[in-house]
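Per-entry structural report
Here is how the chains run, residue by residue.
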Amino acid sequence: MMPQLLEVWNDTVDPRHLIGGIAIAVGTAVPAYLIADHLFAAGGDEALGHSYALLVGIVGCIVGAVISGFLFKPKRVITTSAADTRNRQEIIDEVVEEYGDLGDPRDLGPAVQAEVRALGLFDALVDNHEARAQENGGHQ
């Protein structure tokens, strides 16, 4: 049976693991704070001792988070799908309307061309440039 998942702060969680993670964090942070507060209070300056105890409690929270991270694996399912080039062309058209002609991407330097190719935009930009060149050439 698939566990019921919740969305908390834009992340998908199993409620049992969420409660377990909170219990682990509280179980490490509170004792760390209380023990450190007791030890630092015996040292003399009470206000400074409370401050140091709070830092130890924060370290306890971090230790609890690390333990929870090892015990409870992510529940995310990441899927990839083929890009819709029609949407890219629409977006490129909007950018051109707002900012003006983007120019021929083949005129860019090799490093920039490589980056644009890595993003999968090079062919769409070339198509857009050629279509605009034909439109402008046909109207002259």
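Residues numbered from 1 in each chain as written. Predicted model: local features only at pLDDT ≥ 70, side-chain atom pairs only at ≥ 80, totals over all residues. Heavy atoms only, no water.

Overview of the pattern of salt bridges
In total, this model carries 4 salt bridges according to the counting rule given. Arg132 is the salt-bridge partner of Asp93, the closest N and O atoms lying 3.3 Å from each other. Placement of the pair is Asp93 in helix α3 (residues 85-99) and Arg132 in helix α5 (residues 122-139), with a sequence separation of 39 residues. Between Glu130 and Arg106 there is a salt bridge, with the nearest N and O atoms lying 3.1 Å from each other. Of this pair, Glu130 sits in helix α5 while Arg106 sits in the loop between α3 and α4 (110-118), and the two are 24 residues apart along the sequence. By relative accessible area, which is 35% here, Glu130 ends up partly exposed. Counted as one network, the salt bridges with shared partners bring together Asp104, Arg106 and Glu130. (Salt bridge = Lys/Arg side-chain N within 4 Å of Asp/Glu carboxyl O. Helix = DSSP H or I, 4+ residues; strand = E, 2+ residues; numbered from the N terminus. Buried < 20%, exposed > 50% of the residue type's maximum accessible area, 1.4 Å probe, protein only.)

Describing a nonpolar patch on the surface
Judged by side-chain polarity, Phe40, Leu48, Tyr52, Leu54, Leu55, Val56, Ile58, Ile62, Val66 and Phe70 come together as a nonpolar surface patch covering roughly 930 Å² of accessible area. Here Leu54 lies in helix α2 (residues 46-71). (Patch = residues over 30% accessible without salt bridge, like charges linked within 9 Å, V, L, I, M, F, W, Y side chains within 5 Å. Areas by Shrake-Rupley, 256 points an atom, 1.4 Å probe, with all protein chains shown as cover.)

Focus: the packing of aromatic side chains
With the rule as written, the count across this model stands at 1 aromatic pair. Between the aromatic rings of Phe40 and Tyr52, the centroid separation amounts to 5.6 Å while the plane-to-plane angle is 45°, which identifies the pairing as tilted. Here Phe40, found in helix α1 (residues 15-41), pairs with Tyr52, found in helix α2; they are 12 residues apart in sequence, far enough to count as distant. Against the face of Phe122 rests Arg117, its NZ or CZ located 3.8 Å from the ring centre. (Phe/Tyr/Trp six-rings, centres within 6.5 Å; stacked < 30°, edge-to-face > 60°. Lys NZ or Arg CZ within 6 Å of the ring centre and 35° of its normal.)

Brief notes about the UniProt feature "transmembrane region" (unreviewed entry) in the protein chain
With numbering matched to this structure, UniProt assigns "transmembrane region" (unreviewed entry) to residues 20-40 and 52-72. Helix makes up 100% of residues 20-40 and strand 0%, with an end-to-end C-alpha separation of 30 Å. With 95% helix and 0% strand, residues 52-72 has end C-alpha atoms that lie 30 Å from one another. (UniProt positions renumbered as here; feature names shortened; annotations may be inferred.)

Section: the nonpolar core
One finds Ile92, Val96, Val116, Phe122, Ala124, Leu125 and Val126 forming the largest nonpolar core, which totals 7 residues. Listed by contribution, the elements that provide at least two residues to this core are α3 and α5. In terms of residues, this core owes the most to one element, α5, which gives 4 residues. Sequence-distant contacts of Phe122, defined by excluding residues within four places in its chain, comprise Pro105, Arg106, Gln113, Val116 and Arg117. (Core = buried A, V, L, I, M, F, W, Y, C linked by side-chain atoms within 4.5 Å. Contact = heavy atoms within 4.5 Å.)

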